[in-house]
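Residue strings, one per chain:
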Amino acid sequence: MCGIIGYSGSFCAQKILLDGLEQLEYRGYDSAGVALLDDQGELFLQKKAGRVSVLRKACEAAPVKSRCGIGHTRWATHGGVTDANAHPHSCGQVTLIHNGIIENYHEITAAFGFQDRLHSETDTEVAACLLDHLYRGNPFETLKKAVDILVGSYAFCILFKDRPGQIFCIRNVSPLVAAQGEAGSFVASDLTALIAHSRSYFVVPEKTVMTLSADRITLLDLNGQTMEPECLTVDWNVESAQKGGYPHFMIKEINEQPQAMENTVRPRLFNGLPDFREEGVEDSLFLDCETITIVACGTAMYAGMVGKAIIEQILHIPVAVHIASEFRYDTPLINEKTLTIVISQSGETIDTLAALRLAKECGSRTLAIVNVKGSTIARESDYVLYTHAGPEIAVASTKAYIVQLAVLYLLTGRIALLRGIFTEKQAKEFMDTLLSASSSIAQVIQKDEAIKKAVKAVKHSDHAFFIGRGLDYAFSLEGALKLKEISYIHAEAYAAGELKHGTIALIEKNTPVIALATQEKIFAKTISNIREVRARGASVILIVKENAQVDPDVYDIRIDLPVRQDEFAVFTAAATLQLLAYYTSDAKGLNVDKPRNLAKSVTVE
Ligand code: F6R
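These remarks concern the structure in this document. (Residues numbered from 1 in each chain as written. Predicted model: local features only at pLDDT ≥ 70, side-chain atom pairs only at ≥ 80, totals over all residues. Heavy atoms only, no water.)

### Details of the overall build of the protein
Thought 1: Across its full length, the protein holds 18 helices and 26 strands.
Thought 2: For the protein, whose C-alpha radius of gyration is 25 Å, the value lies close to the compact-globule estimate of 25 Å for 605 residues.
Thought 3: The principal-axis extent of the C-alpha atoms belonging to the protein is close to 80 × 55 × 45 Å.
Thought 4: Across the 605 residues that make up the protein, the buried fraction comes to 61%.
Thought 5: Sequence-distant contacts in the protein: of pairs separated by 6 or more residues, those separated by 24 or more amount to 71%.
Thought 6: Positive and negative charge centroids in the protein, built from 60 and 72 side chains respectively, lie 4 Å apart. (Helix = DSSP H or I, 4+ residues; strand = E, 2+ residues; numbered from the N terminus. Rg over C-alpha atoms; globule rule 2.2 N^0.38 Å. Buried < 20%, exposed > 50% of the residue type's maximum accessible area, 1.4 Å probe, protein only. Contact = heavy atoms within 4.5 Å. Lys, Arg positive; Asp, Glu negative; His and termini not counted. Charge placed at Lys NZ, Arg CZ, Asp CG, Glu CD.)

What follows is the structure, encoded as structure tokens:
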């Protein structure tokens, strides 16, 4: 959420910043801006509401020769989408960009009398005024004092006019990574902006003053002690973060799912059996726990809902799934007998991070399922299992969801084995079926005619309902989220048996109902519920296993899933629902990868 980049080196900063902002644009695309400081200390500021392309045009009309600067792409929190609210913000000697929220900006404004100095509605400009107010020629002392005053989350990159060629950075919670490349020194919100320049990088430690100069990066803790960064190596390449011939990142990422499944599952199988000990995840974690709590947001939380259904069904361990933003302010009923699993693609979602910290405070052991290596959640949890999806750029999550599920299935297999619920033979079969899900996903992607037919029934509608029971209900939650976030069709998921308690009042002639009926044990019940909506005029898109016997009167369009085992239907169902959302959004001519109002990596509360 908000992309930030800084560069000091020997090349044209304007070009490097604009290229980097294009890579970071998925973090926010309400407005963008750059500030460049030349060798004489002259500052050039350019910022525009709208996409990075708008900023690029303005910059190209007024090129600046500077080898040091900062750039920002914004996801608006405080203040509307205007040029004035776009970053960077300047005040006196200070120009800065910010990701995060300064919670006490009203108090700071009043306490220091900044009212007349502000030209925007943002919390960030208040921080710029504060730093300028504190500045006496020593950036380190200024930032040290500011840390005591600022409340909230922040990652700042700061230019001081009398320090040409240098960028000062400090962060609290909000992410920042940095790298020293051949072309100079770089800092950014995430690796996508750095990978073109260096494969080696480090996570900027919290509350540490980092100084970027053309030839070095230095880190000082707030006591003034030099710190050595812990260097990491990027394990994916530039191409992974590019479209590679696909029209959109989302469809590319849907197509990458079979490989992502392979990469996530196969290295964890030893003689066909799941094992995490090589990754440092001890079996005692699974043997000692009496209950499991899963905490996450959005799609990751819906992966947790499927995990709950599978774990309870197979392991009979009670599982509670919580929305992280609720959990962190609720009464957490967890203790040392609870295994808390947090799930996050980015590993930076602030609510999930806060939930993780709370779980640890309560004495619970914590296991993170995370995609981004070295991310805050990965570093702070007791144990981590990485998903190996590679970078996910489309705002709507697809491949990350699939591999989150894969890890939850692997965990289920491991725990079942450890607790004697599965024999080795059963565990192997379970894992074989999990592995085969990747080829079933590939089949769904190749044979998508019925899905495209369904798009025609959905795309002109203002509303759509997703219904199912049991596991089908858990999948339909994610299906509805995908459709609403990229096609702007109001979509709701309901437990099929619950409709008649109110929601069925909304069904009228031609309302699309996407009905999932993949679970044998409740198949007949689901079909009855489908008949109820059909009797009220709904246009039914039925999603079933390919061998299912269904009366053709029940549906308008039937989509067959190439799957036989009920527990594994989620993988093909998810790919189907992702494609339905993707093709619908594309058919409506919408921006599939960057839907309105959203951003990837939600680092504000
Ligand atoms: C929806 C989507 C979001 C994320 C949620 C959590 O397609 O991507 O709902 O799943 O913001 O993000 P992470 O997984 O990064 O914690």
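### Considerations on the side chain of Lys-252
Thought 1: Within the secondary structure, Lys-252 is located in helix H6 (residues 249-255).
Thought 2: Residues within four places of Lys-252 in sequence aside, it is in contact with Glu-239, Ser-240, Gln-242, Lys-243 and Tyr-246.

### Thoughts on the site of the ligand
Thought 1: Lining the immediate environment of the ligand, one finds 14 residues, of which Ser-344, Gln-345, Ser-346, Thr-349 and Glu-485 sit closest.
Thought 2: One of the backbone N or O atoms of Gln-345 is found 2.6 Å from an oxygen atom in the ligand.
Thought 3: Contacts to the ligand include Ser-346, whose side-chain N or O atom sits 2.7 Å from an oxygen atom.
Thought 4: Protein contact buries 88% of the 410 Å² of open area that the ligand shows by itself.
Thought 5: The set of elements that each furnish at least two residues to the shell around the ligand consists of helix H9 (298-315) and helix H16 (471-487).
Thought 6: It is H9 that contributes the most residues to the shell around the ligand, 3 residues altogether.
Thought 7: Residue classes in the shell around the ligand are distributed as 5 nonpolar, 7 polar and 2 charged. (Near = heavy atom within 4 Å. Polar contact = N/O pair within 3.5 Å; in protein donor to acceptor, adjacent residues only side chain to side chain. Areas by Shrake-Rupley, 256 points an atom, 1.4 Å probe, with all protein chains shown as cover. Nonpolar A, V, L, I, M, F, W, Y, C, P; charged D, E, K, R; others polar.)

### Topic: the pattern of salt bridges
Thought 1: Scanning all chains against the criterion turns up 33 salt bridges.
Thought 2: Taking the shortest distance from any N to any O, the salt bridge between Glu-22 and Arg-56 comes out at 2.9 Å. Placement of Glu-22 in helix H1 (residues 13-24) and of Arg-56 in helix H2 (residues 52-61) is noted, with a sequence separation of 34 residues between them.
Thought 3: The exposure class assigned to Glu-22 is partly exposed, which follows from its relative accessible area of 36%. (Salt bridge = Lys/Arg side-chain N within 4 Å of Asp/Glu carboxyl O.)

### Some thoughts on the nonpolar core
Thought 1: Val-306, Leu-367, Leu-411 and Phe-571 are the most contacted members of the largest nonpolar core, which has 128 residues in total.
Thought 2: Setting aside its immediate chain neighbours within four residues, Leu-367 contacts Val-281, Leu-285, Phe-286, Leu-339, Thr-340, Ile-341, Val-342, Tyr-383, Val-384, Leu-385 and Leu-411.
Thought 3: Leu-96, Ile-102, Phe-156 and Ile-158 belong to the second largest nonpolar core, which has 28 residues in total. (Core = buried A, V, L, I, M, F, W, Y, C linked by side-chain atoms within 4.5 Å.)

### Thoughts on the packing of aromatic side chains
Thought 1: With the rule as written, the count across this model stands at 12 aromatic pairs.
Thought 2: Ring geometry for Phe-160 and Phe-168: centres 5.5 Å apart, planes at 75°, overall edge-to-face. Each member of the pair, Phe-160 together with Phe-168, is buried.
Thought 3: Centre to centre, the rings of Phe-276 and Phe-286 are 6.2 Å apart; their planes meet at 65°, and the pair counts as edge-to-face. One end of the pair, Phe-276, is in the loop between strand S16 (273-274) and helix H8 (284-288); the other, Phe-286, is in helix H8, with 10 residues separating them in the sequence. Each of the two residues, Phe-276 as well as Phe-286, counts as buried.
Thought 4: Members of the aromatic cluster, joined through ring pairs, are Tyr-409, Phe-422, Phe-430, Phe-568 and Phe-571. (Phe/Tyr/Trp six-rings, centres within 6.5 Å; stacked < 30°, edge-to-face > 60°.)

### As for helix H14 (residues 424-446)
Thought 1: For H14, with 23 residues, the first-to-last C-alpha span of 34 Å sits near the 33 Å given by 1.5 Å per residue.
Thought 2: Remark: the principal bend of H14, roughly 25°, maps to Ala-437.
Thought 3: Of the positions making up H14, those classed as buried are Ala-427, Phe-430, Met-431, Thr-433, Leu-434, Leu-435, Ala-437, Ser-438, Ser-440, Ile-441, Val-444 and Ile-445. (Expected span 1.5 Å × (residues − 1). Bend = angle between axes of the 7 residues up to and from the residue.)

### With respect to the side chain of Arg-27
Thought 1: Residue position: Arg-27 is located in the loop between H1 and strand S2 (31-37).
Thought 2: Among residues more than four places away in sequence, those in contact with Arg-27 are Met-1, Cys-2, Gly-3, Trp-75, Asn-99, Pro-175, Ser-189, Asp-190, Ala-599, Lys-600, Ser-601 and Thr-603.

### Observations regarding the pairing of strand S9 (residues 177-181)
Thought 1: Across the 5 residues that make up S9, a large majority, 4, are buried.
Thought 2: As judged from the 5 bridges shared by S9 and strand S10 (residues 184-188), these two strands associate in the antiparallel manner. Opposite Gly-181, over in S10, you have Gly-184 as the bridge partner.
Thought 3: Between the antiparallel neighbours S9 and S10 lie 2 residues.
Thought 4: As defined by bridge partners, S9 adjoins strand S11 (residues 200-203) across 2 bridges and the pair is classed as antiparallel. Of the residues in S11, the one forming a bridge with Val-177 is Val-203. (Pairing = 2+ DSSP bridges.)

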